[in-house]
Amino acid sequence: MEALKEAVSCAWSVLCSNLLFLQMFFQSQHRRDCAAKQEERQRKLDELPSSFFEACTETDNEVLDLPLSELVQRHNAGSLSTASILNAYGKKVVLAQKTTNCLAGVMIQEALVSPSPTGSDCTDIPERPKPLSGVPVSIKDCIDIEGYDTTVGYSSKVNHPASSSAAIVRLLHDAGAITHVKTAVPPGLLGLETSSDLFGRTSNPYNEKYSSGASTGGGGALLACRGSVIEIGTDLGGSVRVPAHFCGVYAMRSSIGRFPAQGALSPIPGLESVVTISAPMSRRLEDLEEFWKRVVEMRPWEYDHTCVPLPWRPIDLQETKLKFGVVWQDGIISPSPACRRALEWVCDALEKQGHEVVDFSPPSIPEGLNVGLQLCFGDGGAGFFETLRKDEKLDPVMVAVRSLLAMPLFLKKILATITRKLTGDEVWASMLETLHLKSPAEERALVVSRDEYKAKWHQAWENEGFDFLLTVPHALPAIPTGSAEKVTLVSASYMMIFNILDYVAGVLPVTFVDRKSDALPKDFMKSDDYKNMGLISKGAYSVYDADEMHGLPLGVQIVGRRFEEEKVLQGMKIVEDALEACDRKFIPREF
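Colleague: Which parts of the structure should I look at to understand the nonpolar core?
Modeller: The tendency in soluble globular proteins is for nonpolar side chains to be buried side by side. Counting 169 residues, the largest nonpolar core has Ile168 and Ile232 as the members making the most contacts within it. In terms of residues, this core owes the most to one element, helix 11 (residues 337-352), which gives 9 residues. Beyond its immediate sequence surroundings of up to four residues, Ile168 is in contact with Ile143, Ile232, Phe259, Pro260 and Val295.

Okay, here's the thing in structure tokens:
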């Protein structure tokens, strides 16, 4: 009997081994590449010194609290070593990955063993002080770093390391910065959630049931967890500003050509009519401004032929009475009570400081957004979807876009007519009948329409004489995991419109969702306000729940005109100072 049991047990073991082998053998290349990438990431973490898995010491916290300028000064002077900086920030990286799953790749070990340009762990004669010496900078995984994959969230790009570094990465290294990690992105960079088969889902540090935003959601989560000083992301329709709003950090998109972008891959390669720009994010406003200044002083146009040779232009608006225009709604989705309250707080604070704050009804945002989306998907989505493998999961937002693009045009026109008659929802009806493959002549006509739309905004701004505009960054706080399809890509309209216009736009945190102050009125879903909403707006509001969202960050967006980066950063500071003067300073949670 014992011999029989042993034989059965042996046969079962052999069978299980064979089944495991067959499973591995027949597993798709997509699944194998995803598994290999995640194993590589975990191995890199496991290889870190044991101290990285311990709690931060008092010394570590002192390093983490240093503003960028002081960190650089100490590292250049040799009183703060690269190892000490990485030990502090590395601990936060490990914790951030454990709690939010925000990383695409880990380069800390390489940074630890690389010769330090300056600092006490350098044995060579000290070089001239470097403007970003010792600053940990995380890099979004759509930006090339020589010797490392740039996956853009696609498994097909695994094991294809970049042959050269992007312009911003070369500039950073020359300036003495430490590129220590790459951060997670959704497939193709378009979506409202950072989730992929390749890296898994990145959660919001404030509430794991909610999104960290996209497509720089990995960077937003890492910054909120204090795992980096600066994140280099990209932005086509709000991809650094959505995570800043959702995660309670700072970001600013510049005008095209102000920040180096060569070597940063776009969601839609070759698209010039709505350009993807590279942009930094930070966890402190002073660091964002200082970083911008130091990058421009490195003459980025000598690294990137697309950069405009425009030096840094210091500006001081602290004693100036300014005029702010407020865009309360975009004509598509009205701000939720929480987001509207954050905007109201900012308006009240500015008025108390003597600034002029007036309502502004801009040229139709739905009209401009419709033109922009047609230009983005004028190729029928080929540029975005061609890299996707058959069994690769997409953000639900992009699944809906693909279905819409694939639908026959005659059918979409029928649905648009029905939508207009039954709901009166012109925004959704126009999206239905206009998002389709375009001919070259149609694309050129859209570019003309875009430029005419830009001219309308220019004239409206000139007529009003604004210094800045204020808007919500998004109609909602961070959205629940898996709800992107209900919220839709159109919900990014408050941000994407300024990509279409090429205006400078920054986001800064203001406050947090409050379950009492920000609750919808009782029986709201039965109210006339709800009944009069369009389909897109109803979908977005279906996921809003102030009680469940309690404690999530809320931001505000401040907008300037083209190439007003210095001015917008000053505007962000004026807003932040005004809030502090009203005892409403934003204090992020410690993670």
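From this point, the discussion proceeds with the structure in view.
Colleague: Teacher, can you tell me more about the pattern of salt bridges here?
Modeller: Pairing between side chains of opposite charge can happen when the charged atoms of each approach one another. Per the stated rule, a full pass over the model turns up 31 salt bridges. Of the charged contacts, one joins Lys44 and Glu110 as a salt bridge, the two residues approaching to 2.8 Å between their closest N and O atoms. A residue pair is termed long-range when its members are at least 10 positions apart, and Lys44 in helix 2 (residues 29-46) and Glu110 in helix 6 (residues 108-113) qualify at 66 residues. In this structure Glu110 comes out as partly exposed when scored by relative accessible area, which is 22%. Glu426 serves as the salt-bridge partner of Arg420, at 2.7 Å between the closest nitrogen and oxygen. Given a relative accessible area of 29%, Arg420 falls into the partly exposed group.

Colleague: Got a minute to help me understand empty space enclosed by the protein in this structure?
Modeller: To locate leftover empty space, one rolls a probe as large as a water molecule over the atoms. Scanning the entire structure with this criterion turns up 2 cavities of 30 Å³ or more. Taken as a whole, the largest cavity encloses approximately 190 Å³ of empty space. Taken together, 17 residues line the largest cavity, and the ones lying closest to its centre are Leu190, Gly237, Ser239, Leu489 and Ala492. Residues belonging to the lining of the largest cavity are distributed by class as follows: 12 nonpolar, 5 polar and no charged. What lines the second largest cavity is Tyr250, Leu508, Pro509, Glu576, Leu579, Arg584, Lys585 and Phe586. Every element with two or more residues in the lining of the second largest cavity is listed here: strand 14 (504-512) and helix 22 (565-581). Of the residues assigned to the lining of the second largest cavity, the class counts are 5 nonpolar, no polar and 3 charged.

Rules and cut-offs
Residues numbered from 1 in each chain as written. Predicted model: local features only at pLDDT ≥ 70, side-chain atom pairs only at ≥ 80, totals over all residues. Heavy atoms only, no water. Core = buried A, V, L, I, M, F, W, Y, C linked by side-chain atoms within 4.5 Å. Buried < 20%, exposed > 50% of the residue type's maximum accessible area, 1.4 Å probe, protein only. Helix = DSSP H or I, 4+ residues; strand = E, 2+ residues; numbered from the N terminus. Contact = heavy atoms within 4.5 Å. Salt bridge = Lys/Arg side-chain N within 4 Å of Asp/Glu carboxyl O. 1 Å grid on protein atoms, 1.4 Å probe; cavity = no way out; pocket = protein on both sides within 12 Å on 5 of 7 lines; lining within 4 Å. Points joined across faces, edges and corners; volume = space filled by probe spheres on them. Nonpolar A, V, L, I, M, F, W, Y, C, P; charged D, E, K, R; others polar.

Honestly, it's all geometry; don't read function into it.
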